[in-house]
Structure formats: C-alpha cells, structure tokens
Amino acid sequence: MNAASPQPTVAPDLTSWLLKLQELGKQTLAKAENPRLLSATDRDKLIDGLVSDFRWAIKAQLAFISPIPEQTATDQEEDLYKVAAVCVDKFRSDHWQKGDDGARDEALTSPEEGAKLTPLSEIHPQTMKWLWLGRIPLGKITVLAGDPGLGKSFLTLDMAARVTTGGQWPDGAPACDGNVILVSAEDDAADTIRPRLDALGADVSRVHILESIRDRSGERGFNLASDTARLEAAIAKIGNVRLVVIDPISAFLGNTDSHKNSDVRALLAPLAKMAATLGVAIVCVTHLSKSAADPLNRLSGSIAFGATARAAWLVSRDPERHERRLMLTLKNNLALEPDGLAFAIQVNEQGSPVVAWEQAPVTITAIEHLRELRDQAEKARHEMPIEE
C-alpha cells in the first residue's frame, strides 16, 4: 500500500484567530464565581489578568485557539491586549446594564469608587498600522466625502483593486494585501461594479458584495443599527479582510437620525470597535452639504461622522480643469497631513473607464480649495446679467 500523502498545513487566518481568542476571553470571564463583583474590579487589572490567561493558552497550545498564526512578539502582544480590552469592556457593560443594583452598590462602596486614573506607564504602546500609509489607517474609520458625480465610488473600487492584488498606491506606498467587502446602495454589482473592477485589474475573487441580510423574518437590507455583529461574522468567515467600503453610509443608518450627534455616535461606536478588534479599514462614503468655515463640518449629517473618523478625505473638482479631481485631506489624526493627490476618470484601450492618477502631489489644502470655489461662485453670481 502506498503511504498516504501528508496534508498541506493551512496557515491560520489572523482575523479568525482573534475572534477565537475573543470567545475564549468571554468564556473565561463568564466562569467567575461572582461576576457582579468582578465587573466592578479595576478595568486594567482585569485586562492584565485576561492577557495572562491568553499567554498561558498560547504556551499550552490550547486546542480551541490552535493553530496559532505566526506574528512578531510585539504584534501578538498588541493583539492580546486589544482582544482582552474588548472582552472586559463587554463583560463590565453586560453586568452593569442589566440593572444589577448589587453590582452598583459593591462598586460604590469599593476603594475604586471615583475618577479612574491610569498612569501612562501602564498603557501599552501600539504601532499604528495602515492600509494606505499615512492616508487610510487599519482598525479605524475613514470618511471619503464629496459632491455627487465626482467619482468617489470609482475611487473606492480603485482602492479595492490595489488591496486585492497587493500592488502599489498612487504615491508609491505598498498596498496592504487582503480581501474586500463592498456594502453598496447605489451601483449595480453586475453592470457597474464588476466591469469597473475588471478594468482596474482587481482580483474579483477577493471582492465580496454584501447583498442582503437573512434573519427569521426573511431577507432584508443591511442596517448599521442592527447588523454590525453580522458584518463582523462575515468578515471572520471570509478571512483576511482588510477593507470594508460602505457607500454611501447614509443609506444604511436605519431609523437613526443622521443629524443627531448622540444617535450617530451610538451607531458608529460598534463599527469603530469592530474595526479596531479585527484590524480592518472601514471607508465610509458620504456627501457634502451645508457651507461652513471648517470643511470637516460640511460632511452631510451630524458632525459625529467627522469626529468619529480618524481620517477624512475630500474629493472635489479642479475649477481650472473640469475632468480633473482632487483628493485632499480634511482630517488626519494619526499622521502628518500628506499632500493631496489628483486623478481623472479616463477610458482605456478597451473602452472601459478607469482611474488615472497623476504622479505629482497636490499642495493646495482643502480649506484653500473650498475657499477658491466659493470665491469663484460669488464672482460668477455678481457677473450674471440682470434681466430688465
């Protein structure tokens, strides 16, 4: 008899492994003899204790979390603390939000009552990771804003193509290789999204369209107010997802009042936490609305959209060249503000539209550009002939 050929070892997916680790953390905390009292314990102590449990599980090669993906010691330590923080915060929230007066009383009489202060020496520094270096961070929400018809959706497809092929960004930075999920309400997958991605050279086997949500009532549209956990599960199922595009975000708010800051923050908080836990870049497309001195305040809806995002970009038309588009920084909390970029939607040799980037950087700022547009509009208004 021929000896059986050894089965190839499949490299474990980091995203799936982090979700397994999160489940292990939930189970560990759930075994507490007195969860009410434990929920009132100092948060950092709980996190440190859970990280110690994670380290033991990794060292023991615990079956539930095996196989363990290869990482540097620093990256693994950062991930352990991220997952532990998510588990602890969820545990504390669950036990305090159930109206458990016992837990509240114990916390109020504990020596830890009062303001929570943490020495920076106990905060574990983490290295910032990027989908697009200096422009679109991993683990955060980024906003892409502009008036209708300027190519914002096309721009996100160009991003998807570069991520699925692990190519280069227009400024020469290496793209982060991975899978992509598109949550789109405006473009048809068959006659618009797929042809455009083909023309852009994307690996379309790595691009997934979130078409609908199935639940007990049947099939319905995706809703950020109720379906973030389902999106998280889909990301884990696909594995190695690095980019999620929500286009436009206003189409997926459900009954949330998009102009009410508290409602929008409550809606985006789970999305931001999911991005941080899984290390996924979330790019939300939106429109510009009201005029304001600060261009960030021109984002459609509540200012919470711009406040929650760690990076925001403006897509606008060059007033001197109708076909030219500018991509300018509105906000970047995590890096020095980079120069802007310019692109145009052109037709390739096969007759398909593609994004053509300019190599030279754009040095005008978003504030300067919007002021220029405003001044031109004001001048045109005054020069209009008055009908008698």
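For the structure given in this document, a descriptive report is provided here. (Residues numbered from 1 in each chain as written. Predicted model: local features only at pLDDT ≥ 70, side-chain atom pairs only at ≥ 80, totals over all residues. Heavy atoms only, no water.)

As a further point, take the overall build of the protein chain. Helices and strands together make up the secondary structure of the protein chain, namely 11 helices and 13 strands. Sorting the 388 residues of the protein chain into buried and exposed places 43% on the buried side. For the protein chain, the share of sequence-separated contacts (at least 6 apart) that also reach a separation of at least 24 residues comes to 69%. For the protein chain, the accessible area works out to roughly 20,800 Å², and carbon and sulfur atoms hold 51% of it. (Helix = DSSP H or I, 4+ residues; strand = E, 2+ residues; numbered from the N terminus. Buried < 20%, exposed > 50% of the residue type's maximum accessible area, 1.4 Å probe, protein only. Contact = heavy atoms within 4.5 Å. Areas by Shrake-Rupley, 256 points an atom, 1.4 Å probe, with all protein chains shown as cover.)

The next thing to look at is the pairing of strand E11 (residues 321-332). Walk down a regular strand and you will see the side chains alternate between the two sheet faces. Along E11, nine of the 12 residues are buried, which leaves the element largely enclosed by surrounding structure. A loop of two residues connects strand E10 (residues 311-318) with E11, the two strands running antiparallel in sequence. In terms of strand pairing, E11 meets strand E12 (residues 341-347) through four bridges, oriented antiparallel. Directly across from Met327, in E12, lies its bridge partner Leu341. (Pairing = 2+ DSSP bridges.)

A few words on the sheet that holds strand E3 (residues 141-146). Backbone-to-backbone hydrogen bonds pair the strands of a sheet. The strands run either parallel or antiparallel. Pairing is mixed in the open sheet, where nine strands are placed in the order E5-E4-E8-E9-E3-E10-E11-E12-E13. A single partner strand is all that each edge strand has here, and the edge strands are strand E5 (207-209) and strand E13 (353-357). For this sheet the average axis-to-axis angle between neighbouring strands, irrespective of direction, equals 25 degrees. Pairing geometry for strand E8 (residues 241-247) and strand E9 (residues 281-286), over four bridges, is parallel. Bridge assignment links Ile246 to a residue of E9, and that residue is Cys284. (Axes fitted to C-alpha atoms, helices over the stretch in contact; angles between N-to-C directions.)

Pairing analysis gives five bridges linking E12 to E13, with the strands arranged antiparallel. Its bridge partner being in E13, Val347 is matched across the sheet by Pro353. Turn length for the E12-E13 hairpin, with the two strands adjacent in sequence and antiparallel, is five residues, and the turn residue Gly351 shows positive phi of about 85 degrees.

It is characteristic of soluble globular proteins that their nonpolar side chains tend to be buried jointly. Core analysis: the biggest nonpolar cluster contains 43 residues, and Leu224, Leu231, Ile235, Val244, Ile246, Leu271 and Ile282 have the highest contact counts within it. In terms of residue count, helix H9 (residues 261-278) provides more of this core than any other element does, seven residues in total. Beyond its immediate sequence surroundings of up to four residues, Leu271 is in contact with Ile141, Leu224, Thr228, Leu231, Ile246, Ile282 and Cys284. Core analysis: the second largest hydrophobic core is formed by 38 residues, Leu131, Met159, Leu243 and Ala281 among them. (Core = buried A, V, L, I, M, F, W, Y, C linked by side-chain atoms within 4.5 Å.)

For the rest of this paragraph, the subject is the pattern of salt bridges. On inspection of all chains with the given rule, the structure shows 14 salt bridges. For the salt bridge of Arg324 with Asp318, the shortest nitrogen-to-oxygen distance reads 2.7 Å. Across this residue pair, the class does not change: Arg324 and Asp318 are buried. With its nearest N and O atoms 2.7 Å apart, the salt bridge here joins Arg324 to Glu358. Here Arg324, found in strand E11, pairs with Glu358, found in the loop between E13 and helix H11 (366-383); they are 34 residues apart in sequence, far enough to count as distant. Take Glu358: its relative accessible area is 24%, and that puts it in the partly exposed class. The network of salt bridges with common partners includes Asp318, Arg321, Glu323, Arg324 and Glu358. (Salt bridge = Lys/Arg side-chain N within 4 Å of Asp/Glu carboxyl O.)

Glancing now at the environment of Ile193. Here Ile193 is to be found in helix H7 (residues 189-199). Given the relative accessible area of 5%, Ile193 is considered buried. Remark: the alpha-carbon pair of Ile193 and Leu182, spanning 11 residues in sequence, is separated by 9.6 Å. If sequence neighbours within four positions are ignored, Ile193 has contacts with Leu157, Leu182, Ser184, Asp187, Asp188 and Ile209.

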